[in-house]
Amino acid sequence: FFMSEKSNQGHDHSMKRGLKNRHMQMIALGASVGTGLFYGSAPTIKLVGPGIIASYALAGLFIFFVMRMLGEMAVREPVSGSFSHFANKYWNGFMGYLAGWNYWTLFMLAGMAELAAIAVYLAYWFPDIPHWLTTLICLVIITAINLINVKAYGEVEFWASFIKIGAIVSMILFGFYLIFTTMGSFPHNFHNLWDNGGFFPNGSWGFLCSLAVVMFSFGGVDLIGITAGEAENPENSLPTAINELLLRILIFYIGTMVVLMSLAPWDKVGLEASPFVQIFEEIGIPAASNILNLVVLVAALSVFNSILYSNSRMLYGLAQAGNAPKIFSYLTVHGVPLASTLFSSGLALIIVLTTYLYPQAGEVFMHLLALVVAGLVISWFVIIATHMKFRSTFIREGRLDELKFKSPLYPVINYLCILFLLVVVGVMYQMDSFRPSVIAIPFWILFLYVTYKLKGSKK
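Reference entry: report on the structure contained in this document. The structure presented is a predicted model; accordingly, all values stated were derived computationally and were not measured.

About the cut-offs
- Residues numbered from 1 in each chain as written.
- Predicted model: local features only at pLDDT ≥ 70, side-chain atom pairs only at ≥ 80, totals over all residues.
- Heavy atoms only, no water.
- Patch = residues over 30% accessible without salt bridge, like charges linked within 9 Å, V, L, I, M, F, W, Y side chains within 5 Å.
- Areas by Shrake-Rupley, 256 points an atom, 1.4 Å probe, with all protein chains shown as cover.
- Salt bridge = Lys/Arg side-chain N within 4 Å of Asp/Glu carboxyl O.
- Helix = DSSP H or I, 4+ residues; strand = E, 2+ residues; numbered from the N terminus.
- Buried < 20%, exposed > 50% of the residue type's maximum accessible area, 1.4 Å probe, protein only.
- Phe/Tyr/Trp six-rings, centres within 6.5 Å; stacked < 30°, edge-to-face > 60°.
- Core = buried A, V, L, I, M, F, W, Y, C linked by side-chain atoms within 4.5 Å.
- Contact = heavy atoms within 4.5 Å.
- Axes fitted to C-alpha atoms, helices over the stretch in contact; angles between N-to-C directions.
- Parallel < 35°, antiparallel > 145°, perpendicular 65-115°, else oblique.
- Nonpolar A, V, L, I, M, F, W, Y, C, P; charged D, E, K, R; others polar.
- Left-handed = near helix turned anticlockwise from the far one by under 90°.
- Polar contact = N/O pair within 3.5 Å; in protein donor to acceptor, adjacent residues only side chain to side chain.

1. With respect to a nonpolar patch on the surface
Side chains of Phe126, Ile129, Leu133, Ile137 and Ile141 sit close together on the surface and give an oily, nonpolar patch of about 410 Å² of accessible area. Take phenylalanine 126: it is sitting in the loop between helix H6 (93–125) and helix H7 (131–146). Taking relative accessible area as the criterion, phenylalanine 126 reaches 42% and is therefore assigned partly exposed.

Pasting the structure below:
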């Protein structure tokens, strides 16, 4: 789909490049740290034990290379909606249609997963308030923020990310202080990493299974590409944000997992609350657990805020290309896609109903997680394959010098990333909780193909 500075609705409202460099940096930071780390890490630890450290390292390396591929295209053409536009332009119309609607759908599900997790965090303080009510209140607040303007979204996301990143760094430092001062000398102070069955207590199969869950954690990083159309200086801010991604993964994910797995035996971490809150409660620091619960709540709200932002922009872009109803391309005087934002928010009410009917939010979260990972596999495959077509186009036309932010190791790394995705899909099929989502993939693609053809026949 195409990003235009002029609206196709006959008015002169346009999207505003209101995201400053500091917004971009903190959005990139925040997008890589959310519920997948704070809450989704619990079921992953159950699968792989301390080996979760290696799971995040391998999955993080994969997503870094995928983001470099997206970055190469986004720096060359900084449009709102990014990879759906590239798939449409460098592959074919259907792939652009598939990429856009698949992304929008999977992040609608991801947003619901975030809202389900928010209910769990608030229940820590307010156990008597129904999950559906707290979910509804949070949904209304985030929607209101997104309806103001892109700068309002950027400011809220800046400070929310600042809070959670600062808290994670503090937690890592405090965790290492506890490890080195109260748990004996090296190597005994890290004994929980290899006690209780070893580093991989469930063997190589447990490690492979954990990759499927870990992938959910990195679902938000491609938001960096979505923001390109509203960034003040995408040629500079995008490469910086993407290049720092690997370092952030090492610090935030691997650093926190080393602390978490060292402070307590892996088999003691359950699903009742965030693993971080549980650990600090067991150590006997109630104030720290309250602070951490606030942080994970802010993290979940922050990610949902970004999901609503990115989904409204994706739906706007689909409408611009004629792949969605024209009403979704309507912009307010402040450059906000009004109908797209309200529609994306309105559908999130499904999770309010779900948490009302099924109060066990943890179960809701895991079912949504499986569907999100399946959608992410499709999305990342489209990015990888589109990048190959994008690069081959510039090679064929002798325009390689126009690419200012080239993805490394092309095309070998593209094929390795595709192989990695195939392994993940194969493992998901062997897992009872993930198998339905894998089976649904071809039917989902077929459904999108049929709707694409029907859309074309009506023109």
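2. Section: the packing of aromatic side chains
Overall, the coordinates contain 25 aromatic pairs when judged by the stated rule. An aromatic cluster of at least three residues, connected via ring pairs, comprises Phe86, Tyr90, Phe390 and Phe394.

3. Observations regarding the nonpolar core
Counting 132 residues, the largest nonpolar core has Phe62, Ile63, Met215, Phe218, Trp380 and Phe434 as its most contacted members. Broken down by element, this core gets its largest block of residues, 20 residues, from H6. If sequence neighbours within four positions are ignored, isoleucine 63 has contacts with Phe218, Val221, Leu245, Ile249 and Trp380.

4. Points about the packing of helix H9 (residues 203–217) against helix H18 (residues 412–430)
Interhelical geometry of H9 versus H18 gives an angle of 105 degrees and a closest axis separation of 9 Å. Classified by the angle their axes make, H9 and H18 are roughly perpendicular. Between H9, through Trp205, Leu208, Cys209, Leu211, Ala212 and Met215, and H18, the contact on the second element is made entirely by Phe420, Leu421, Val423, Val424, Val427, Met428 and Gln430. In terms of residue class, the contact of H9 with H18 is built from 12 nonpolar, 1 polar and no charged.

5. Here's the deal with the pattern of salt bridges
Per the stated rule, a full pass over the model turns up 6 salt bridges. Between arginine 76 and glutamate 402 there is a salt bridge; the shortest N-O distance is 2.8 Å. Residue arginine 76 is located in helix H4 (residues 52–76), and its partner glutamate 402 is located in the loop between helix H17 (361–396) and H18; the two are separated by 326 residues in the primary sequence. Note that arginine 399 and glutamate 402 form a salt bridge whose closest N and O atoms lie 3.2 Å from each other. Among the residues examined, arginine 399 registers a relative accessible area of 24% and is labelled partly exposed. Glutamate 402 sits in the partly exposed class, given a relative accessible area of 29%. Residues joined in a network through salt bridges with shared partners are Arg76, Glu397, Arg399 and Glu402.

6. A few points about the packing of helix H8 (residues 150–182) against helix H12 (residues 245–263)
The contact between H8 and H12 brings their axes to 9 Å, and the two run at 35 degrees. In this structure, H8 crosses over H12, and the sense of that crossing is left-handed. On H12, the residues touching Ile165, Ile168, Val169, Met171, Ile172, Gly175, Phe176, Leu178 and Ile179 of H8 are Ile251, Phe252, Gly255, Thr256, Val258, Val259, Ser262 and Leu263.

7. Focus on the environment of leucine 58
Tracing the backbone shows leucine 58 in helix H4. The class for leucine 58 is partly exposed, based on a relative accessible area of 36%. Each C-alpha atom of the pair leucine 58 and phenylalanine 420 lies 9.8 Å from the other, and the pair is 362 residues apart in sequence.

8. Considerations on the side chain of threonine 134
For threonine 134, the location among the structural elements is in helix H7. Apart from residues no more than four positions distant in its own chain, threonine 134 is found in contact with Ala119, Leu122 and Ile129.

9. Some thoughts on the side chain of asparagine 414
Along the chain, asparagine 414 turns up in helix H18. Its relative accessible area of 0% is what places asparagine 414 among the buried residues. At 3.4 Å, the side chain of asparagine 414 forms a polar contact with the backbone oxygen of isoleucine 384. If sequence neighbours within four positions are ignored, asparagine 414 has contacts with Met69, Ile384, His387 and Met388.

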